[in-house]
Amino acid sequence: MTSRSKEKVAAAFRKLFRSPEKLDNDGAGPSGSPARRGILRRHRDGVSPAEAAASLPASPAATTLVKKKAGGASEVRERAAAVRTRRLMKELKEIQRLQNSRTDPAFTVELVNDNLFEWHVRLHQIDPESELASDLRELHISNILLHLIFPENFPFAPPFMRVIEPRIEKGFVMEGGAICMELLTPRGWASAYTVEAVVMQFAASVVKGQGRVARAPPRPSCEFSRRRAEEAFRSVVKTHDKYGWVTPALSDG
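Residues numbered from 1 in each chain as written. Predicted model: local features only at pLDDT ≥ 70, side-chain atom pairs only at ≥ 80, totals over all residues. Heavy atoms only, no water.

A. Structural context of the nonpolar core. One finds W119, I144, M161 and F202 to be the most contacted residues of the largest nonpolar core, which totals 43 residues. When residues of this core are traced back to their parent elements, those giving at least two are α5 (60-101), β1 (107-112), β2 (115-123), α6 (131-138), β3 (144-149), β4 (160-165), α7 (195-208) and α8 (226-243). Of all the elements, α7 adds the most residues to this core, at six residues. Those residues in contact with I144, other than ones at most four positions away along the chain, are V121, R122, L123, L132, L136, V163, E165, P166, I168 and F202. (Core = buried A, V, L, I, M, F, W, Y, C linked by side-chain atoms within 4.5 Å. Buried < 20%, exposed > 50% of the residue type's maximum accessible area, 1.4 Å probe, protein only. Helix = DSSP H or I, 4+ residues; strand = E, 2+ residues; numbered from the N terminus. Contact = heavy atoms within 4.5 Å.)

B. Representation of unusual backbone geometry. Of note, the bond from F154 into P155 is cis; its omega dihedral lies within 30 degrees of zero at 10 degrees. For P155, the position within the fold is in the loop between β3 and β4. Between E165 and P166 the backbone carries a cis peptide bond, its omega angle lying at -10 degrees. As for its position among the elements, P166 is in the loop between β4 and β5 (168-169). The backbone of K170 shows a phi angle near 60 degrees, a positive value even though the residue is not glycine. Of note, K170 is situated in the loop between β5 and α7. Judged by its relative accessible area of 57%, K170 falls in the exposed class. The backbone of Q210 shows a phi angle near 60 degrees, a positive value even though the residue is not glycine.

C. Structural view of the confidence of the model for the protein. Looking at the protein, pLDDT values average 80 and 66% of them are 70 or higher. In the predicted structure, residues 19-31 sits below a pLDDT of 50 and forms 14 contacts with residues beyond four places in sequence or in another chain. Taken together, the stretch residues 247-253 has pLDDT below 50 and engages in two contacts with residues farther than four places along the chain or on a different chain. (pLDDT = per-residue confidence, 0-100.)

D. Looking closely at the side chain of R87. With respect to the helices, strands and loops of the structure, R87 is situated in helix α5. On the basis of relative accessible area, R87 is assigned to the buried category, the value being 17%. Ignoring sequence-local partners within four residues, the contact set of R87 consists of F154, P155, S191, A192, Y193 and T194.

Okay, here's the thing in structure tokens:
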């Protein structure tokens, strides 16, 4: 092979094995296409393969799957809301029926700002022989006002209940009016429990715990609010979940 022929073969090999960057600059070969040039440019600019893939349009199947998942979650929330609404409407109607049929109901209910999921309950009757009942009579307080908030997953989770007024000491009533009662915790709750059962259990519990109406003004550090009640309740639930709940003997009621 002559020297001229050798040079032609060498030139052909150099052209065949030129780098993609050179081909791209020359605009020749597969890398010279606009799409190829765009991918190479993004790669040179530091765009990762995952980012490049994310920039591509989603497939119809992937889009459909995302929509189905979102629709399923929305459907679950709607069903839960319907269950909660039906249960509370049923209980409210029954309580109101009892209120209207008795001259001295044990407790009465009213909605807070017409909100079905937030109730004010006025407890009118507790053990008349208790010291708490004596305090109420002496101070001319006709009832104990309770605040109930029903979560989204009620009746499968308990309502949050606290005492608003009067301010009660002992009686398993804690800071902010929170109530230390196992029935009000996820561990002690059952979906069959009614609002009436919760209120009557509180009426028995506050007497058993020797609750009294607080006479002295509260300390500045003892904030009597919903926020403080929620904090106190979370704390007592955590403690009891760790060490257990003390169940009184049957002879104690």
